[in-house]
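So you can see what is in the structure, the chains are spelled out below.
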Amino acid sequence: MLNLDNCRERQQRLLKVMEEDQIDLAVITNPKTVYYFSGVLVNPALPHALLLDSSGKTALLTDAPVIEPDEKPKAAADKVETYRFHSMERENVATNWSQ
């Protein structure tokens, strides 16, 4: 697990680049990069997003598992929203749409 203080420092470095390039919002979706900036390990097969705005506020949208029902994952983010992923696909079954 990454140190959350170090994740916040990385966010501050990204904020400086965003300011230089006049970027208002960073939307990070690559699972490794989400982990790098938030400290939350995410399932790379599912969608996730870490949002960082020009004021430094962060929000993480993830399906990261939680231990307690009302508990959020520990993250270097101001707000964490979790979702439960549902799919019409069966696990480990290839779908052939042409059939």
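See the structure printed just above.
The structure reproduced in this document is the subject of the present report. (Residues numbered from 1 in each chain as written. Predicted model: local features only at pLDDT ≥ 70, side-chain atom pairs only at ≥ 80, totals over all residues. Heavy atoms only, no water.)

1. Brief notes about the nonpolar core
Which entries qualify depends on this criterion: Residues enter a nonpolar core if they are buried and are Ala, Val, Leu, Ile, Met, Phe, Trp, Tyr or Cys, with the set joined through side-chain atoms within 4.5 Å. Only protein chains enter the calculation, and the probe is 1.4 Å; a residue is then buried if its accessible area is under 20% of its type maximum, exposed if over 50%, and partly exposed in between. Only heavy atoms matter for contacts: two residues are in contact if any of them lie within 4.5 Å across the pair.
Among the nonpolar cores identified, the biggest contains 11 residues, and these are Ile28, Val34, Phe37, Val40, Val42, Leu50, Leu60, Ala64, Ala75, Ala77 and Val80. When sequence neighbours within four positions are dropped, the list of residues in contact with valine 34 reads Ile28, Thr29, Gly39, Val42, Leu50 and Leu60.

2. What to know about the packing of aromatic side chains
We apply this condition: Aromatic rings from Phe, Tyr and Trp, with only the six-membered ring used for Trp, were paired whenever their centres fell within 6.5 Å, and each pair was classed as stacked if the ring planes differed by under 30 degrees, edge-to-face if by over 60, and tilted otherwise.
Evaluation of the coordinates by the stated rule reveals one aromatic pair. Pairing tyrosine 36 with phenylalanine 37 gives two aromatic rings, centres 5.1 Å apart and planes at 85°, and the pair type is edge-to-face. Overall, tyrosine 36 belongs to the partly exposed group, its relative accessible area being 36%. Look at phenylalanine 37 and you get buried, because its relative accessible area is 10%.

3. Some words on the pairing of strand β1 (residues 25-28)
Rule in force here: Under the DSSP-based scheme used, a helix requires at least four consecutive residues in state H or I and a strand at least two consecutive residues in state E, with every element numbered from the N terminus. Should DSSP find at least two bridges between two strands, the strands are taken to pair.
Taking every second residue as pointing to the same face, the buried face of β1 carries Ala26 and Ile28, while none of Leu25 and Val27 on the other face is buried. Looking at chain direction, β1 and strand β2 (residues 49-53) are connected through four bridges and run antiparallel. The residue bridging leucine 25 from the neighbouring strand is aspartate 53, located in β2.

4. Section: the sheet that holds strand β3 (residues 58-62)
Heads up, the condition is: Simply put, an axis is a line fit to the C-alpha atoms, just over the touching stretch for a helix, and the angle between two N-to-C directions goes from 0 to 180 degrees.
Reading across from one edge, β1-β2-β3-β4 is the order of the four strands in this open sheet, with mixed pairing throughout. With partners counted over all chains shown, the strands left at the sheet margins are β1 and β4 (79-82), one partner each. Sheet twist, expressed as the mean angle between neighbouring strand axes with direction ignored, is 15°. Note: β2 against β3, four bridges, orientation antiparallel. Residue pairing in the sheet places leucine 52 in a bridge with threonine 58 of β3. Of the strands in this sheet, β1, β2 and β3 are in contact with helix α1 (residues 4-20), which crosses β2 at around 55°.

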